[in-house]
Amino acid sequence: MSVAARIRAKLEAALPIERLEIVDESHLHAGHAGARPEGESHFRLTIVSDTFAGKSRVERQRLVYDLLAEELASDVHALALSTRTRDEDETTRSPS
Amino acid sequence: MSEIATQIKDEIDQSDVVLFMKGSPVMPQCGFSAMVVQVLSHLGIKFKGIDVLQDAELRQGIKDFSNWPTIPQLYVKGEFVGGCDIVREMFESGELMELMSSRGIDVRPQ
């Protein structure tokens, strides 16, 4: 299973997820420290879930980091996170 | 408390704004650290940058101390604010300036 597929499986098993985007940005970091020749080292995740309601930004990210602790300790060098509730996601995506 | 934790505690107690980062504020060694430096500089906030690449024990120690697996990490008045994503989001929403002002830290947008 690819790293991205593992990330998706773990998050979907643990959280009620409305929307999950996983972008592999490893190519932007090729040759940098932590980059692996096979890629799948740098990811950007957008997670929309009401499980984040009432939680601070730090609490939300810790929740995700904890679920992906194994990946962060091995293959994944960087994980950019955007964590939103459904309401926040509507606001973010609606034209202002 | 371990020796490294004591050392970290001293750093965040001694300076109002402390950024644990890769590289120095003048020469960041990682794009995520560079982004936070850019935000702080843009707001004219004085901060102390601590290069975790100079000290393997500190590099792991700060992750344990904050219970946060990535670097950079921003502390304001001894309080953990977050990493790159959080700093960027708070900057964009204006919350970062509010936080600094509420903690009595000088903000002078450049």
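Keep in mind that this is a model prediction, so the values were computed, not measured. (Residues numbered from 1 in each chain as written. Chains lettered and ligands numbered in written order. Predicted model: local features only at pLDDT ≥ 70, side-chain atom pairs only at ≥ 80, totals over all residues. Heavy atoms only, no water.)

Draft legend 1. Broad picture of the packing of helix α1 (residues 3-14) of chain B against helix α3 (residues 56-66) of chain B. Residue and element names in this part refer to chain B. Packing of α1 against α3 leaves a shortest axis separation of 9 Å and a crossing angle of 75 degrees. Relative to α3, α1 is oriented roughly perpendicular. Seen from α1, the contacting residues are I4, A5, I8, K9 and I12; seen from α3, they are E57, L58, G61, I62 and F65. (Axes fitted to C-alpha atoms, helices over the stretch in contact; angles between N-to-C directions. Helix = DSSP H or I, 4+ residues; strand = E, 2+ residues; numbered from the N terminus. Parallel < 35°, antiparallel > 145°, perpendicular 65-115°, else oblique. Contact = heavy atoms within 4.5 Å.)

Draft legend 2. Expanded view of the nonpolar core. Counting residues in each nonpolar core, the largest one holds 55 residues, and the members touching the most others are L11, L45 and L79 of chain A together with F20, L74, L96 and M100 of chain B. Looking at this core element by element, the count peaks at six residues for helix α2 (residues 31-42) of chain B. Other than its neighbours up to four places away in sequence, L74 of chain B contacts V17, V18, L19, L40, E79, F80, V81, G82, V87 and L96 of chain B. (Core = buried A, V, L, I, M, F, W, Y, C linked by side-chain atoms within 4.5 Å. Buried < 20%, exposed > 50% of the residue type's maximum accessible area, 1.4 Å probe, protein only.)

Draft legend 3. Structural detail: the confidence of the model for chain B. Per-residue confidence for chain B averages 96 on the pLDDT scale, and 100% of its residues sit at or above 70. Note on the complex model: pTM 0.91, ipTM 0.89. (pLDDT = per-residue confidence, 0-100.)

Draft legend 4. Layout of the interface of chain B and chain A. Chain B puts 17 residues into the contact, and the matching count from chain A is 14 residues. Per-residue buried area on chain B facing chain A is highest for F32, W68 and D85 of chain B; these three make up 36% of the total on that side. Where chain B meets chain A, there are two salt bridges. At the boundary of chain B with chain A, the tally comes to six residue pairs in polar contact (both at pLDDT 80 or more). Mapped by element, the contributors of at least two residues to the side of chain B that touches chain A are β4 (79-82) and α4 (84-93) of chain B. Looking at the side of chain B that touches chain A, the element that brings in the most residues is α4 of chain B, giving six residues. Grouping the amino acids of the side of chain B that touches chain A by side-chain chemistry returns seven nonpolar, five polar and five charged. (Buried area = accessible area lost by both parts, 1.4 Å probe. Salt bridge = Lys/Arg side-chain N within 4 Å of Asp/Glu carboxyl O. Polar contact = N/O pair within 3.5 Å; in protein donor to acceptor, adjacent residues only side chain to side chain. Nonpolar A, V, L, I, M, F, W, Y, C, P; charged D, E, K, R; others polar.)

Draft legend 5. The layout of surface pockets, seen in detail. The calculated volume of the largest pocket comes to roughly 640 Å³. In terms of lining residues, the largest pocket is bounded by 33 residues, among which H77 and A78 of chain A together with K22, F32 and I71 of chain B are the most central. Secondary-structure elements contributing two or more residues to the lining of the largest pocket are β2 (42-48), α2 (57-67), α3 (69-73) and β3 (78-84) of chain A together with α2, α3 and α4 of chain B. Space inside the second largest pocket adds up to approximately 330 Å³. Going through the elements one at a time, α2, β3 and α4 (86-93) of chain A together with α4 of chain B are the ones with two or more residues in the lining of the second largest pocket. Counting residues per element, the lining of the second largest pocket draws most heavily on α4 of chain B, which supplies four residues. Taken together, the residues of the lining of the second largest pocket break down into no nonpolar, four polar and seven charged. (1 Å grid on protein atoms, 1.4 Å probe; cavity = no way out; pocket = protein on both sides within 12 Å on 5 of 7 lines; lining within 4 Å. Points joined across faces, edges and corners; volume = space filled by probe spheres on them.)

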